[in-house]
Amino acid sequence: MTAHRILSWSPSAIVFDCDGTLMDTERHWQEARNTTFRSFGLKPPAGFGERAKGVHYVECGALMAEETGKPDLVDDLTETLLRHFTALVDEDPVTMPGASALVRLAARHRPLAVASNCPREMVESCLDRAGLLGCFGHVVVADEDIRPKPQPDVYSVAARLCGVPPEEALAVEDSLTGMESARRAGLRVLGTGPCPPGPDGEVADLWVSSLADPDLTAWARTHIGV
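Residues numbered from 1 in each chain as written. Predicted model: local features only at pLDDT ≥ 70, side-chain atom pairs only at ≥ 80, totals over all residues. Heavy atoms only, no water.

Could you give an account of the overall build of the protein, naming the residues involved and the relevant values?
Regarding its fold elements, the protein presents ten helices and six strands. Along the longest, intermediate and shortest principal axes, the C-alpha atoms of the protein span 55 × 40 × 35 Å. Taken across its 226 residues, the protein has 50% of its residues classed as buried. As presented, the protein carries roughly 10000 Å² of accessible surface, and 52% of it is formed by carbon and sulfur atoms. Across the protein, the 21 positively charged side chains and the 33 negatively charged ones have centroids separated by 4 Å. (Helix = DSSP H or I, 4+ residues; strand = E, 2+ residues; numbered from the N terminus. Buried < 20%, exposed > 50% of the residue type's maximum accessible area, 1.4 Å probe, protein only. Areas by Shrake-Rupley, 256 points an atom, 1.4 Å probe, with all protein chains shown as cover. Lys, Arg positive; Asp, Glu negative; His and termini not counted. Charge placed at Lys NZ, Arg CZ, Asp CG, Glu CD.)

Rendered as structure tokens:
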């Protein structure tokens with residue numbers, strides 16, 4: 001663990017993941033996946049939710065088809081998955097604990113961006129309904145020119161748009177897929193949620209249980225809110 005790389009440091013910019021980091025949407029993805037499986041008469045393979053966490057929805061649809069032995073259903077599964085997820089988010093957009101306060105504090109002092117594997121309209125809609133969209137100078141999403149996480153593209157582009165070298169930017173992430181993306185782009189990484197055992201726990205420089213962690217709040221006030 002290299003917590004000193006975060007707690008003794010002031011980033012020049014901060015790039016946030018959206019799903020599961022700023023917005024409490026992982027439960028929506030879980031429900032959307034399960035609903036999609038059921039609508040096609042399929043059963044989720046054991047451990048599928050963990051393997052799908054942080055994966056681009058197109059790749060998730062392909063994974064669903066592969067692991068259920070239904071390669072001919074890739075497009076249908078992907079389209080259905082996105083439709084169910086979008087409906088769930090529209091009904092119940094909720095921010096993660098501590099996310100709003102941290103973003104509002106940081107936005108007064110640093111350039112901020114979002115780096116996401118989700119479609120732009122979904123990310124911007126979620127953040128807008130949460131009252132946070134105006135805090136971010138840039139929203140970077142995977143598209144035909146920007147490869148999705150775990151490739152480094154979304155974080156590389158976000159740091160560049162914020163006007164700082166990657167090594168001067170902090171990534172805030174909840175998934176190992178996203179952390180790998182940020183690490184490959186050269187950013188320091190703050191992981192949120194339970195720290196996994198073994199080598200996976202070393203992917204982030206610092207883990208916090210949530211963005212409401214008191215030590216993180218104190219660090220933000222000292223190293224960002226100045």
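Following the structure, the description resumes.
Break down the packing of aromatic side chains for me, citing the residues and quoting the values.
Applying the stated criterion across every chain yields a total of three aromatic pairs. Between Phe 16 and Phe 136, the ring centres sit 5.9 Å apart and the planes meet at 80°, which makes this aromatic pair edge-to-face. A residue pair is termed long-range when its members are at least 10 positions apart, and Phe 16 in strand E1 (residues 13-16) and Phe 136 in the loop between helix H7 (120-129) and strand E3 (138-141) qualify at 120 residues. Accessibility assignment for this pair places Phe 16 and Phe 136 in one class, buried. (Phe/Tyr/Trp six-rings, centres within 6.5 Å; stacked < 30°, edge-to-face > 60°.)

Run through the layout of surface pockets, naming residues and quoting values.
Reported here for the largest pocket is a volume of approximately 370 Å³. Lining the largest pocket we find 22 residues, and of these Lys 53, Asp 174, Thr 192, Gly 193 and Pro 194 sit closest to its centre. Here the residues of the lining of the largest pocket are counted per class, giving eight nonpolar, eight polar and six charged. (1 Å grid on protein atoms, 1.4 Å probe; cavity = no way out; pocket = protein on both sides within 12 Å on 5 of 7 lines; lining within 4 Å. Points joined across faces, edges and corners; volume = space filled by probe spheres on them. Nonpolar A, V, L, I, M, F, W, Y, C, P; charged D, E, K, R; others polar.)

Quick rundown of a negative patch on the surface? Include the residues and the values.
A cluster of like negative charges, contributed by Asp 72, Asp 75, Asp 76 and Glu 79, occupies part of the molecular surface. By the element assignment, Asp 72 lies in the loop between helix H4 (57-67) and helix H5 (74-91). (Patch = residues over 30% accessible without salt bridge, like charges linked within 9 Å, V, L, I, M, F, W, Y side chains within 5 Å. Salt bridge = Lys/Arg side-chain N within 4 Å of Asp/Glu carboxyl O.)

Hey, could you go over empty space enclosed by the protein for me, with residue numbers and the actual values?
A probe matching the size of a water molecule, rolled over the atoms, marks out where space remains unfilled. The final tally for this structure, using the stated rule, is one cavity of 30 Å³ or more. Approximately 210 Å³ is the volume attributed to the largest cavity. When contributions to the lining of the largest cavity are tallied by element, the ones reaching two or more residues are helix H2 (26-39) and H4. By residue number, the principal contributor to the lining of the largest cavity is H2, which donates three residues.

An account of the packing of H2 against H5 is needed here, citing residue identities and associated values.
One way to put it is that H2 packs onto H5 with a least axis distance of 8 Å and a crossing angle of 135°. Between H2 and H5, the interaxial angle falls into the category oblique. The hand of the H2/H5 crossing is right-handed. Across the interface between the two elements, His 28, Trp 29, Glu 31, Ala 32, Arg 33, Thr 35, Thr 36 and Ser 39 of H2 pack against Leu 77, Thr 80, Leu 81, His 84, Phe 85, Leu 88 and Val 89 of H5. When the residues that make up the contact of H2 with H5 are grouped by side-chain class, the tally is seven nonpolar, six polar and two charged. (Axes fitted to C-alpha atoms, helices over the stretch in contact; angles between N-to-C directions. Parallel < 35°, antiparallel > 145°, perpendicular 65-115°, else oblique. Left-handed = near helix turned anticlockwise from the far one by under 90°. Contact = heavy atoms within 4.5 Å.)

Give a detailed account of the sheet that holds strand E6 (residues 206-208), specifying residues and quantitative values.
Strand order in the open sheet made by the six strands is E3-E2-E1-E4-E5-E6, with parallel pairing throughout. Unpaired on one side and paired on the other, E3 and E6 mark the two borders of the sheet. Averaged over all adjacent pairs, the angle separating strand axes in this sheet is 25°, with direction ignored. (Pairing = 2+ DSSP bridges.)

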